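Each chain, letter by letter, is given below.
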Amino acid sequence: GRDAASGVAGKAAARVPPTVPGLPLLGSVLALGSRGAAFLQECRQKYGSAFTLRLAGQRMTFVFAPAALQHYFSAPDTQLTFAPAFTHRVFGLPPKHFYHRHFAMLQASMPPALRHELVPSSLPQHTARLLRLLLAHLRSWPAAGQLDLVAELKALVFQASVALLFGPRFLLGGEPDARQQQQQQQQEEEQRQEQEEEWERQQQARVQQEGGDGAAQAGSPCGGGRLGSPDPQSRAQRLQQTFFVFEAGFELAASPVPHLLQPRFLAARRRLLAALRESHRAGHLEGTVAGRLVEACGLPAPYVANMLLALLWASQANAVSSAFWTIGFLLLPENSQHLAAVVAEAWQAAAAGAGGGGAAGGGVRPGARGRHGAEGEGWLPLSEAQQEGLVALAADRRSHAAAAVAEALRLRSFSVDVRIAAADVVVPCGERASAGEGIWVRKGDMVAISPYEEGMRLGGSTSVHGAVVGMGGVAGVSFGGGKYRCPGRYFAEAELALVTSLLLLLFDWQLLPRGQQGAAAPAPAAAALTSASRAQQRQQQRRQASVPGDPGGLLPPPDLHKLVGIKVPAEPCWVQYRRRQPPVPGS
Ligand code: HEM
């Protein structure tokens, strides 16, 4: 195997992979753009475990053989390199300035770069803060009602984790504060706490402003996910919506299709860059993960905002939909046992925290449950000590919540990872890969892998390729591998476990039948359901049958157009929810 992986002995048995015929000039751009993963599956059936697509001017070779995976993640940069052109095209980071700083950004220890910043030992500190931000946001939810879980998780996860990583003042905005630059570290810390309190006050003020009457509401409790809503919005909501316009346009923007044809993407990027630039100048990012990364990276000032945009995208794009899938899968009837285990474990963790540390501040307010009413306003769901219990649970990689997160990632990450061939190389492939069999890839071609098996069920046995076992199974591969693996992995896993435990501890949830929402929900006009859209619906239901993890088709299908990263749900997901009482201290 070692010979083949080195790409030297492989040359003798190397073959050129078949090229999929497509349109003149465009090649398979349209097929891949419109059918995504389904198109790749067809190609795989027709051409086998390696084939090349022509995508306008770019050739992209897909390799599916397990032997290729190992090579992919271990090949030196002189053979396969992380796509620098891509960071330029999407984030506007020129390789000239960025490429040699890339490692500093990932690895530097002083000032701490991402790998040092987000190591497991520093996680409790980050997750404790994240939990406070999540709780502040959840206060604006009525005690019960119906909501679109996709939209609400977007708002919850984006706003809380951006406040954590970029600082609450990035989301709040505000005037530059010259004094801030001279403040000692301790003062900065105090200030951040004040900002978090201010953030909480704002969330609370909004509850009051919106009536806080707790009437069972449908729709978006905090205006989270409704694009184009006419309601006056906070800066946080506007940033969130702009971000998801950027994210929706991301893959097309990375393709060779001219940006001139993508005005929405360009406008969103411009707005995000302006907001990041303004916050950086005003000192809002000081003392935050993002601020320390700027220091570690040492980019020239004009490109700082572009790097921050890359961090914003990387930290949100996958995490938000992963949170949805984790909770969504747990709500499926066939997973009720797993749900019960996650709830019991969260309950225990909160109770243990409450028992161990003494419930500061009186803990849970009795009466916060049941018929929602003016309680919404002062709802303080978890004491400090209970929060500590949940934070400890989020760091436990053997918890039921961690298993549910890993399973959701495995089920919704049947996507692709991409490198560029830095030279003519042989990638091991085929039944005799260990004996040197492989495929040729030309210098400049893209090499893509998609190492996922489909058709597995939550809790079922996990079959993974031997090549990826060392990286934590398929869920591990969704974070990439080798030296470019995701530096946010441990943070992301703790974040997702925390969001899952918290929401399942504080609320009872029930999936509503697809396409059916509560009376108060904004129902789609019946007339709008044309025969064309009905046909589309049927087609989607057929596709759903082949989507792993949801045999009954109760969750929205994943959008199969998206090729990179965790799949995004293609539709809203309506649920009924109701607050419940977390454990009473000492119980
Ligand atoms: C479920 C959540 C997440 C998934 C599935 C995920 C996955 C990935 C993958 C696949 C890569 C590319 C690795 C490669 O090509 O080999 C990546 C890169 C990256 N991720 Fe994550 N990620 C997640 C969450 C996060 C979070 C929460 C952060 C930050 C706090 C983060 C920060 C980054 C950064 C900065 C990079 C770029 C690294 C570079 O420039 O080389 N990610 N992620």
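Among the surface-exposed residues, Leu23, Leu26 and Leu30 lie close enough to one another that they form a single nonpolar patch of about 250 Å² accessible area. Structurally, the position occupied by Leu23 is in the loop between strand 1 (13–15) and helix 2 (29–47).

Overall, mixed pairing links the five strands, which are arranged 2-3-9-6-4 in an open sheet. Among the strands making up the open sheet, the edge pair consists of strand 2 (50–55) and strand 4 (80–81). Pairing between strand 6 (residues 417–421) and strand 9 (residues 446–449): four bridges, direction antiparallel. For Ile420, the partnering residue across the bridge sits in strand 9 and is Met446. Each of strand 2 and strand 3 (58–63) touches helix 2; the most contacted strand, strand 2, lies at about 160° to it. Sheet contacts for helix 3 (residues 66–74): strand 3, strand 4, strand 6 and strand 9; angle to strand 6, the most-contacted strand, approximately 70°.

Another aspect to go through is helix 8 (residues 123–138). For helix 8, spanning 16 residues, the distance from its first C-alpha to its last is 22 Å, which sits close to the expected 22 Å at 1.5 Å a residue. Counting buried residues along helix 8, 12 of its 16 residues qualify, which places the element largely inside the surrounding structure. For helix 8, the set of buried residues is Leu123, His126, Thr127, Arg129, Leu130, Leu131, Leu133, Leu134, Leu135, Ala136, His137 and Leu138.

One pass over the full model with this rule turns up eight salt bridges. Across the salt bridge formed by Arg59 and Asp445, the nearest N and O atoms sit 3.0 Å from each other. Placement of the pair is Arg59 in strand 3 and Asp445 in the loop between strand 8 (437–441) and strand 9, with a sequence separation of 386 residues. Comparing Arg59 with Asp445, the two get one shared label, buried. Its salt-bridge partner being Asp508, residue Arg580 comes within 2.6 Å of it at the nearest N-O pair. Note that Arg580 is positioned in the segment after strand 11 (574–579) and Asp508 in strand 10 (residues 507–511), a separation of 72 residues in sequence. With relative accessibility at 18%, the residue Arg580 sits in the buried group.

Turning next to helix 21 (residues 489–506). Helix length check: helix 21, at 18 residues, gives a terminal C-alpha distance of 26 Å against a target of 26 Å (1.5 Å per residue), a fit within 8%. Within helix 21, 17 of the 18 residues are buried, which leaves the element mostly enclosed by the surrounding structure.

The next point concerns the packing of helix 8 against helix 18 (residues 384–394). Running from N to C, helix 8 and helix 18 cross one another at 125°; their axes reach a closest spacing of 9 Å. Our classification of the angle between helix 8 and helix 18 gives oblique. Between helix 8 and helix 18 the crossing geometry is right-handed. Residue-level inspection shows Pro124, Thr127, Ala128, Leu131, Arg132 and Leu135 of helix 8 in contact with helix 18, the latter providing Gln387, Leu390 and Val391.

Right, let's get into the nonpolar core. Counting residues in hydrophobic clusters, the biggest one holds 106 residues, and the most contacted among them are Phe166, Phe246, Leu390, Leu503 and Trp509. It is helix 16 (residues 301–330) that contributes the most residues to this core, 17 residues altogether. Apart from the residues lying within four places of it in its own chain, the contact partners of Leu390 are Leu131, Ala346, Ala349, Leu382, Leu498, Ser501, Leu502 and Leu505. Grouped together as the second largest cluster of nonpolar side chains are 19 residues, Cys43, Phe51, Phe62 and Val416 included.

Counting buried residues in strand 2 gives five out of six residues, a clear majority hidden from the surface. The pairing of strand 2 with strand 3 spans six bridges and is antiparallel. Along strand 3, the bridge assignment pairs Leu55 with Gln58. Counting the residues that bridge the hairpin from strand 2 to strand 3 gives two residues, and of these Ala56 lies at a positive phi of roughly 50°.

Okay, the environment of Val119 next. For Val119, the location among the structural elements is in the loop between helix 7 (114–117) and helix 8. Using a relative accessible area of 28% as the deciding quantity, one classes Val119 as partly exposed. For the pair Val119 and Pro487, spaced 368 residues apart in the sequence, the C-alpha separation amounts to 8.6 Å.

The contact between helix 18 and helix 21 brings their axes to 8 Å, and the two run at 135°. Taken together, the axes of helix 18 and helix 21 are oblique relative to one another. Regarding helix 18 and helix 21, the two cross each other, and that crossing is right-handed. Taken together, the residues of helix 21 that come into contact with helix 18 (itself represented by Leu390, Leu393 and Ala394) are Ala494, Ala497, Leu498, Ser501, Leu502 and Leu505. Tallied by class, residues from the contact of helix 18 with helix 21 come to eight nonpolar, one polar and no charged.

The rules behind the values
Residues numbered from 1 in each chain as written. Predicted model: local features only at pLDDT ≥ 70, side-chain atom pairs only at ≥ 80, totals over all residues. Heavy atoms only, no water. Patch = residues over 30% accessible without salt bridge, like charges linked within 9 Å, V, L, I, M, F, W, Y side chains within 5 Å. Areas by Shrake-Rupley, 256 points an atom, 1.4 Å probe, with all protein chains shown as cover. Salt bridge = Lys/Arg side-chain N within 4 Å of Asp/Glu carboxyl O. Helix = DSSP H or I, 4+ residues; strand = E, 2+ residues; numbered from the N terminus. Pairing = 2+ DSSP bridges. Contact = heavy atoms within 4.5 Å. Axes fitted to C-alpha atoms, helices over the stretch in contact; angles between N-to-C directions. Expected span 1.5 Å × (residues − 1). Buried < 20%, exposed > 50% of the residue type's maximum accessible area, 1.4 Å probe, protein only. Parallel < 35°, antiparallel > 145°, perpendicular 65-115°, else oblique. Left-handed = near helix turned anticlockwise from the far one by under 90°. Core = buried A, V, L, I, M, F, W, Y, C linked by side-chain atoms within 4.5 Å. Nonpolar A, V, L, I, M, F, W, Y, C, P; charged D, E, K, R; others polar.

Just distances and angles here, no functional claims.
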